[in-house]
Amino acid sequence: LHGGGAVMAETRSTCPYCGVGCGVLIAHEGGQITGVRGDPDHPANHGRLCTKGSNLHLTATPVVLQHQRLRDPQRRATRGATPEPLSWDTAQREIAERLLAIRAAHGPQAIGVYVSGQLLTEDYQAFNQLARAVIGTPHIDSNSRLCMSSAVVGYKQTLGVDAPPCSYEDIELADCVLISGANPAWAHPILFRRLEAARAARPGHRLIVIDPRRTETAELADLHLQLRPGTDVALCHGLLHAMLQRGWTNASFMAEHTEGFEALRAEVMAWPPARAAEVCGVPEADLWQAAEWFATAPASLSLYCQGLNQSRNGTANNAALIHLHLATGQIGRPGAGPFSLTGQPNAMGGRETGTMASLLPGHRDPANAEHRAEIAQLWGVPELPTARGYTAVEMFDAAARGEIRALWIVCTNPAQSLPDQARVREALQRCELVIVQEAFAHTATARFADYLLPAATWGEKEGTVTNSERRISRVRAAVPPAGEARPDWRIACDVAALIDAGLGRAPRLVADGPEALWRTHRDATRGRDLDISGLSWDVLDRDGPQQWPYVEAATPRLYTQHRFATPSGRARFQPVPALPPADALGPDYPVALTTSRLRDQWHGMSRSGTVPGLFAHEGQPWLRLNPADAPRYALADGALAGGTLAGGTLTDGALVRVQSRRGEAVLPLRLDAQVLPGSADIAMHWGDEFLGAQLGVNGLTQPAACPDSRQPELKFSAVRLSAADLP
Ligand code: SF4
């Protein structure tokens, strides 16, 4: 007992930041979160936390709760006006009436719902039913579209279903780890700690890193292939070519467990190592070395993330990397397999519940009439929408055209995170109705809202999340929600009831709590590859986090019998071409801009930006260039001359105007040898309030997307640089 008789207690939950999914113990006293520590019993982190996780309690201080949280439902009389508080009853009634009016005038397809990988599985379930079964629109998508939809399609095309086959313990069991397009030292720090420990304990361990930047992860590598941005498929084809040429492939595995290689052969043979090395800008000897280490190690694991996914070649990048595993038999064994890392804490839950335009619950396909009928029956509705739903970029583009007239945006900040911000903000401006459901009041998207609905957040709500290794963990409430905030699932259910009443029909979304929604989700997985029919909240509470599929027990590793989820049971090679990035470099836009992540910030900083200490690592945005490029840009046409030269060389802090074909920003320069010459880098977190521009970093990036996954190419934008004057 402490002062006032309040009891200090700890509540077991899960970190709300990245897809590692670390267990946390939330200390609280008198309804106030007072501390956090790593859960020693959670299998993802065994008690450890990174800087973001260990500062979580500081996102729930009284100051943050009072001044940075959205605490009341609010309504703007007109766009640009100051929002005024109103009651939940009034807000929900007005929202239901306005949605019904738009639905009546323009059809259900005039309404789009845009959700988030931050949501809990139960929230996803509620919003999926609200959109597809109650409103009747196919246009529901998640911001996970921006981070892992290419991994989804890559797995489906090659292994048959969207299921990362590995476990975190494979990091400790691998003899060779290949990391491509990921910087876990900063973005997945607890996994990186596990990798460091594995290397120390395993003599002869090999680490290969493929990344245009010499990141902290690359610094640890035995071999860093610093490829040119956008050349990932060429590099993988070159590696496979080398393996074939030297006889490092596993012919019997290929013959017995794969199909389709002949259709790929011509593509691979077009990339002899010398050509691949030249196009990718890496030493040929390094390419040969990487091929040998990966193919001949007893167990090889690959870890990959946004560098592969955020590309117009996103699916091809994934498939080309998975080919290396299929050609060498490096899959389905301890320490071996292709392992996509998820960025968000519950991107996996969105995939499982099918809360994306391209998915239905239980890894079903919305284009499949049988699948739609199965879900309609499960949800107790006559049918689901048949039209193809718009994916993230398409949804906002449809709004900018006036086709989508209402957007309900849940727990995400598209006015900062989507590419081609000018177009996105045009869309928000044009919409008749913008509902923003958020925990934090200060997002760029909130400025466009007609209604702001306060959402409960970490430490305040109950449910589950699934991390990168298919492990489902409980999220628990330690304290009541801030102000009038409510759980996301409840807001969806309440408005759904009003819409159904307005349509004069029985309620289509009835749930007495998050566990009921979870059970509906569970029922949709029965008999599917992700079957969790043997799992319950009671089992999770009793036995702790569990990996799917779970019928009688958890499944740590998939494909151990080398039988894949395709009709033939064989894994499939895909004939993927190596296409150049969509945004062409040329004399006008000669520099390849990539975006990256900082160690101590998270996405658009809605949460991490409330903790002053997290700015200590990096306190402002920089445009990073390789020092070798400073004289090149400065002296080629003098564009960066004038106050920015010291001894003929650009100096740190010089202001640089960065222009792409879509927008511009002004940033101070930081010379950084991590950056590949000829390219530039900006951390992706910074919004317009931090830049000398109307738009944030994504004012520069482009909406061109992978044709299979519809994931936009956020990792490559052609830009030009010029001197900028102080405002
Ligand atoms: Fe949270 Fe990810 Fe850090 Fe773990 S590694 S504490 S899940 S941010």
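About the criteria used
Residues numbered from 1 in each chain as written. Predicted model: local features only at pLDDT ≥ 70, side-chain atom pairs only at ≥ 80, totals over all residues. Heavy atoms only, no water. Near = heavy atom within 4 Å. Nonpolar A, V, L, I, M, F, W, Y, C, P; charged D, E, K, R; others polar. Buried < 20%, exposed > 50% of the residue type's maximum accessible area, 1.4 Å probe, protein only. Helix = DSSP H or I, 4+ residues; strand = E, 2+ residues; numbered from the N terminus. Domains from an automatic or database assignment. Contact = heavy atoms within 4.5 Å. Buried area = accessible area lost by both parts, 1.4 Å probe. Pairing = 2+ DSSP bridges. Salt bridge = Lys/Arg side-chain N within 4 Å of Asp/Glu carboxyl O. Axes fitted to C-alpha atoms, helices over the stretch in contact; angles between N-to-C directions.

Visitor: Describe the site of the ligand, with residues and values.
Guide: Near the ligand you find C15, Y17, C18, V20, G21, C22, L49, C50, K52, G53, P189 and I190, and these make up its full shell. Of the residues belonging to the shell around the ligand, the class tally is nine nonpolar, two polar and one charged.

Visitor: Quick one: what's the story with unusual backbone geometry, residue by residue and with numbers?
Guide: Residues other than glycine predominantly adopt negative phi, and peptide bonds predominantly adopt the trans conformation. Omega for the peptide link from W548 to P549 comes to -5°, which places this bond in the cis form. For C411, which is not a glycine, the phi torsion comes out positive at approximately 60°. Residue class for C411 comes out partly exposed when judged on its relative accessible area of 22%. With phi around 65°, R470 is a residue other than glycine that occupies positive phi space. Along the chain, R470 turns up in the loop between strand 17 (463-466) and strand 18 (471-475). For R470, a relative accessible area of 0% gives the class buried.

Visitor: If you had to explain the domain arrangement of the chain to someone new, which residues and values would you point to?
Guide: Here the domain parsing of the chain yields domain 1 (3-67), domain 2 (74-147 + 345-547), domain 3 (150-341) and domain 4 (591-723). Spacing between the C-alpha centres of domain 2 and domain 4 amounts to 33 Å. Taken together, the contact between domain 2 and domain 4 spans 23 residues of the former and 25 residues of the latter. The junction of domain 2 with domain 4 conceals about 1,900 Å² of combined surface from both sides, 50% of it contributed by carbon and sulfur atoms.

Visitor: Before we move on, could you go through the pairing of strand 18 and cite the residues and values that matter?
Guide: Across the five residues that make up strand 18, a large majority, five, are buried. Both faces of strand 18 are covered, namely the face carrying R471, S473 and V475 and the face carrying I472 and R474. The pairing of strand 17 with strand 18 spans four bridges and is classified as antiparallel. Note that in strand 18 the partner of T464 across the bridge is R474.

Visitor: Run through the environment of V279, naming residues and quoting values.
Guide: Within the secondary structure layout, V279 lies in helix 13 (residues 273-280). A relative accessible area of 32% means that V279 is categorised as partly exposed. Note: C-alpha distance between V279 and L227 (52 residues apart in sequence) is 8.7 Å.

Visitor: Mind laying out the pattern of salt bridges, listing which residues take part and the relevant values?
Guide: Pairs can form between side chains of opposite charge whenever their charged atoms are close. For the coordinates displayed, the defined rule picks out 47 salt bridges. R405 is the partner of E432 in a salt bridge, and the nearest nitrogen-oxygen pair spans 2.8 Å. Taken together, the positions of E432 in the loop between helix 21 (421-430) and strand 15 (433-438) and R405 in the loop between helix 19 (392-401) and strand 14 (406-410) put the pair 27 residues apart, joining distant regions of the chain. By relative accessible area, R405 is classed as partly exposed at 26%. Each of D397, R401, E403, R423 and E426 takes part in salt bridges that share partners, so that together they form one network.

Visitor: An account of the sheet that holds strand 8 (residues 176-180) is requested, with residue identities and associated values reported.
Guide: Backbone hydrogen bonds are what pair the strands of a sheet, in a parallel or an antiparallel way. Taken together, five strands build an open sheet; the order of strands is 10-9-8-12-13 and the sheet is parallel. Lying at the two open borders of the sheet, with one neighbouring strand each, are strand 10 (223-225) and strand 13 (337-340). Across this sheet, the average inter-strand angle for adjacent strands is 15°, counted without regard to direction. Pairing of strand 12 (residues 300-304) with strand 13, which is carried by four bridges, proceeds in the parallel orientation. Bridge pairing in strand 13 links Y304 to S340.

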